[in-house]
Amino acid sequence: MTTDLAVLAEDLTKFYGAHRGIEGLHLEVTTGEIMGFLGPNGAGKTTTIRLLLDFLRPTRGHATVLGLDPRRDKALLHRRIGYLPGELTFPGRERAADLLRFFGDARGGVSWSHVTDLAARLNLDLSRPVHAMSKGNKQKVGLVQAFMHQPALLVLDEPTSGLDPLMQQEFLAMVREARAAGQTVFMSSHVLAEVQEVADRVAIVRDGRLAAVERVESLGRRAVRTVEIHFADPVGPQEFAALPGVKDVTVSGPVLKCTMDGRLDPLIKAAARHEVIDLLSTEPDLEETFLSFYYHAEGAGDAAAPAGA
Amino acid sequence: MLLPPLVHKSWRDDRRAILGWAAGVTLFTLIYGGFYSQFKGAAELKQQALSKGMLDFFGVTDLVSPAGYLQASIFSLLGPLLTLFCAITLMARTIPRPEEDGGMELLLTVPLSRTRFAWQRLAAAGAVATGVSALPGIVLLIVVPVTGMDIAMSYVTAASAGLVALTWCFGGIAFLVGAVSGRRATVLAVTGALAAATYMAHVISGMAGGWHWLRWISPFHYFIGTDPLHTGWHPAHLSALVAVGVGTTIAGVILFDRRDVGV
């Protein structure tokens, strides 16, 4: 039990028949840190999480969670884990309050005022039946049940899906507070930005294998985004293509599209010379850009070295 | 709280189905049992109209005596059909339903080992299935004296206990199939087919001389083939049914503990 690792995966492997879920995963999550778990859909994030929680049994390898064996110590372990499933379906058709009372009774030691505090924070009405709620509200119920017993380890699979931006910020605040209280957070996502905002480190999986484990600071520089600017009049591509960090410039009439690596400032300054009607800056899909960086670009980070080494 | 929260939750989620089955089976027994005197006259006619083979097929020896009437109306076909269907659908809700609809992941966050989880789900469903299958017997405890049927109460109790044992037998099989497959349709198909086939085996063994041995493989023989309404208790036969139920249940818990859930 005296370990400073909340999660330790050693050669963790899961095959569904011939189909690979995850292979040879070595991963360490330190107690008290927020670890982001990134990868495109289908990369093996959910499989890994289900292995850690003993819903699935590994084909090979082993996981240790909070110093315990997921299968042998399941009862003890789940008292100390808060889990938010990626595909959230609630058992039964009762009101949110009744469902949460059930989880509270089953886990023990949950103060109801803490539950109502969490619900109030997330602006969630507990008197409504869960099955009739919107996706966002269901997600909030899922978050409340994951946080309600103040678990030592929070395992959150795509925690912000369905939440509006305001609630996403509230959620990120909850995660930071959890870290401040000494809890460990392991959260998966396919959106880099939200993980970047809170996580200490990120592990990146792709095609069932661990691609890299990096500290978040080292990711910041690689924040690539796509930018779309609508001008009042047609513009030429040449005056933007040469700007630092700007790539893939395409112009069709008054609309300019490009990708931007690094700070937006040079592009904004250049655009300001024209009359700007609209500006759109979006985080590109992780699959398209961020991960391709790890596979096709130079500094592959720790990708080559196993994280456990 | 006296009951484990998971058992409580299972009942709450199934309360409509539970009330529906309880009301239905009670009503069924009341109507068939309560109207013995009215049916009696008609039954005499019906018995004359039907051939011996046909009566055997429906598990009917005679329709006129109280024992024959209860066997024909409640215990031979409709009673088991209702209580078995109830037990099978309840068992399909223990593991297969949450596994199919996705609610299983959150249910499994309840801090219990896999085996304890399975036992508690089973206990919740098993208690209801037992209660529902005991209802005909309980209702008859009132109906038999009230309608003045001339039959020993212990014989009625023996047959009713057989119905509970039969329900345990098929309930255990249904739980096993659900614990292994995690699929509701598989539970209904496999257990339903098994019940139909073994019912036929029981019937055929009674009709055709050469097929007499078939009865030994049919749970229905252990339940009603001993003619409890005329001969009373047959503990060995009932124990055989219970043993199948217990054995399949234990196997189901063990196999559920060993497999992946929700893939």
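Nothing here was measured: the structure is a model prediction, and the numbers come from that model.

A.B. asks: Explain the overall build of chain A residue by residue, including any values.
C.D. replies: Looking only at helices and strands, one finds eleven helices and 13 strands in chain A. The proportion of buried residues among the 309 residues of chain A is 50%.

A.B. asks: Give a description of the domain arrangement of chain A that names residues and reports values.
C.D. replies: Here the domain parsing of chain A yields domain 1 (5–220) and domain 2 (224–282). On a C-alpha basis, the centres of domain 1 of chain A and domain 2 of chain A stand 38 Å from each other.

A.B. asks: I'd love a proper account of unusual backbone geometry, names of residues and values included.
C.D. replies: Residue and element names in this part refer to chain A. The backbone of L66 shows a phi angle near 50 degrees, a positive value even though the residue is not glycine. By secondary structure assignment, the location of L66 is in the loop between β4 (60–65) and α2 (74–79). On the basis of relative accessible area, L66 is assigned to the buried category, the value being 10%. A positive phi angle is found at D248, which is not glycine, with a value near 50 degrees. For D248, the location among the structural elements is in strand β11 (residues 246–252).

A.B. asks: Let's hear about the sheet that holds strand β8 (residues 201–206) of chain A: which residues, and what values?
C.D. replies: Residue and element names in this part refer to chain A. Pairing in this open sheet of six strands is mixed, and the strands run β5-β6-β7-β3-β8-β9 from one edge to the other. The two strands at the open ends of the sheet, each matched to only one other strand, are β5 (81–84) and β9 (209–215). Each adjacent strand pair in this sheet contributes to an overall mean axis angle of 15 degrees, direction not counted. Here strand β3 (residues 34–38) pairs with strand β7 (residues 184–189) via five bridges, running parallel. Following the sheet pairing, L38 is matched in β7 by S189. Packing of helix α1 (residues 45–52) onto the sheet brings it into contact with β3, β5, β6 (153–157), β7 and β8, and relative to β7 it is tilted by some 150 degrees.

A.B. asks: Can you break down the packing of aromatic side chains residue by residue, with the values?
C.D. replies: Counted according to the given criterion, the structure contains twelve aromatic pairs over all chains. Seen in terms of ring centroids, F55 of chain A and Y83 of chain A are 5.7 Å apart; in terms of plane orientation they differ by 65 degrees. Their pairing is edge-to-face. One end of the pair, F55 of chain A, is in the loop between α1 and β4; the other, Y83 of chain A, is in strand β5, with 28 residues separating them in the sequence. For the pair F55 of chain A and Y83 of chain A, a shared accessibility class is recorded, and that class is buried. Each ring, one from F170 of chain B and one from F220 of chain B, has its centre 5.8 Å from the other, and the planes form 40 degrees; the classification is tilted. Of this pair, F170 of chain B sits in helix α10 (residues 153–181) while F220 of chain B sits in helix α12 (residues 219–225), and the two are 50 residues apart along the sequence. Each of the two residues, F170 of chain B as well as F220 of chain B, counts as buried.

A.B. asks: How would you explain the side chain of Q145 of chain A if you had to name every residue and give the values?
C.D. replies: Counting through the fold element by element, Q145 of chain A comes out in helix α5 (residues 135–147). With relative accessibility at 0%, the residue Q145 of chain A sits in the buried group. Discounting chain neighbours no more than four positions away, the residues touching Q145 of chain A are Y83, L84, P85, L100, F103 and R107 of chain A together with L106 of chain B.

A.B. asks: Describe empty space enclosed by the protein, listing the residues and the values that go with them.
C.D. replies: Residue and element names in this part refer to chain B. All chains considered together, the criterion is met by three cavities of 30 Å³ or more. Roughly 60 Å³ of internal volume is contained in the largest cavity. In this structure, the largest cavity is lined by S10, W11, D14, I18, L90, R93, T94, R121, A124, A125 and V128. When residues of the lining of the largest cavity are traced back to their parent elements, those giving at least two are α1 (5–13), α6 (78–94) and α9 (114–147). Classifying every residue of the lining of the largest cavity by side-chain character gives six nonpolar, two polar and three charged.

A.B. asks: Talk me through the environment of Y32 of chain B; I want residue IDs and the actual numbers.
C.D. replies: Residue and element names in this part refer to chain B. Residue placement: Y32 occurs in helix α2 (residues 15–34). By relative accessible area, which is 29% here, Y32 ends up partly exposed. Y32 sits 111 residues away from V143 along the chain, and the two C-alpha atoms are 9.8 Å apart. Each residue touching Y32, except ones within four places of it in the same chain, is listed here: Y69, S73, I74 and L78.

A.B. asks: Lay out the pattern of salt bridges with the relevant residues and their values.
C.D. replies: Where charged atoms from two side chains of opposite charge come close, those side chains can pair. For the structure on display, the rule yields 24 salt bridges over all chains. The salt bridge involving R71 of chain A is made with D257 of chain B; its shortest N-O contact spans 3.1 Å. In this pair, R71 of chain A is assigned in the loop between β4 and α2 and D257 of chain B in helix α14 (residues 235–258), connecting two distinct chains. By relative accessible area, which is 18% here, D257 of chain B ends up buried. Of the charged contacts in the structure, one is a salt bridge between E99 of chain B and R259 of chain B, with a shortest N-O distance of 2.8 Å. Taken together, the residues span a long stretch of sequence, with E99 of chain B in helix α7 (residues 96–101) and R259 of chain B in the segment after α14 at a distance of 160 residues. Residue classification places R259 of chain B among the buried residues on the basis of a relative accessible area of 14%. Several salt bridges share partner residues, and in doing so they unite E94 of chain A together with K9, R12 and D13 of chain B into one network.

A.B. asks: Give a description of the layout of surface pockets that names residues and reports values.
C.D. replies: Empty space within the largest pocket amounts to approximately 520 Å³. Along its surface, the largest pocket is lined by 24 residues, and P91, G92 and R93 of chain A together with D13 and R97 of chain B are the ones closest to its centre. Counting only elements with at least two residues in the lining of the largest pocket, the list comes to α1, α2 and α7 of chain B. Each residue belonging to the lining of the largest pocket can be placed in one class, and the counts come to seven nonpolar, five polar and twelve charged.

A.B. asks: Can you explain the pairing of β6 of chain A? Please cite residues and give values.
C.D. replies: Where a strand is regular, its side chains alternate between the two sheet faces. All names here are of chain A. Burial analysis of β6 places five of its five residues in the buried class, the great majority of the element. Pairing between β5 and β6: four bridges, direction parallel. Paired with I81 across the bridge in β6 is L153. Sheet analysis places β6 next to β7, joined by five bridges and oriented parallel. Each residue of the ladder has a partner; that of L154, found in β7, is V185.

A.B. asks: Explain the sheet that holds strand β13 (residues 276–282) of chain A to me, using residue names and the numbers behind them.
C.D. replies: Residue and element names in this part refer to chain A. Strand order in the open sheet formed by four strands is β11-β12-β10-β13, and the pairing between neighbours is antiparallel. Of all strands in the sheet, those bounded by a partner on one side alone are β11 and β13. Strand after strand, the sheet turns through a mean of 15 degrees between neighbouring axes, direction not considered. One ladder, built from five bridges, connects β11 with strand β12 (residues 255–261); its direction is antiparallel. Following the sheet pairing, V246 is matched in β12 by M260.

What counts, and at which threshold
- Residues numbered from 1 in each chain as written.
- Chains lettered and ligands numbered in written order.
- Predicted model: local features only at pLDDT ≥ 70, side-chain atom pairs only at ≥ 80, totals over all residues.
- Heavy atoms only, no water.
- Helix = DSSP H or I, 4+ residues; strand = E, 2+ residues; numbered from the N terminus.
- Buried < 20%, exposed > 50% of the residue type's maximum accessible area, 1.4 Å probe, protein only.
- Domains from an automatic or database assignment.
- Pairing = 2+ DSSP bridges.
- Axes fitted to C-alpha atoms, helices over the stretch in contact; angles between N-to-C directions.
- Contact = heavy atoms within 4.5 Å.
- Phe/Tyr/Trp six-rings, centres within 6.5 Å; stacked < 30°, edge-to-face > 60°.
- 1 Å grid on protein atoms, 1.4 Å probe; cavity = no way out; pocket = protein on both sides within 12 Å on 5 of 7 lines; lining within 4 Å.
- Points joined across faces, edges and corners; volume = space filled by probe spheres on them.
- Nonpolar A, V, L, I, M, F, W, Y, C, P; charged D, E, K, R; others polar.
- Salt bridge = Lys/Arg side-chain N within 4 Å of Asp/Glu carboxyl O.

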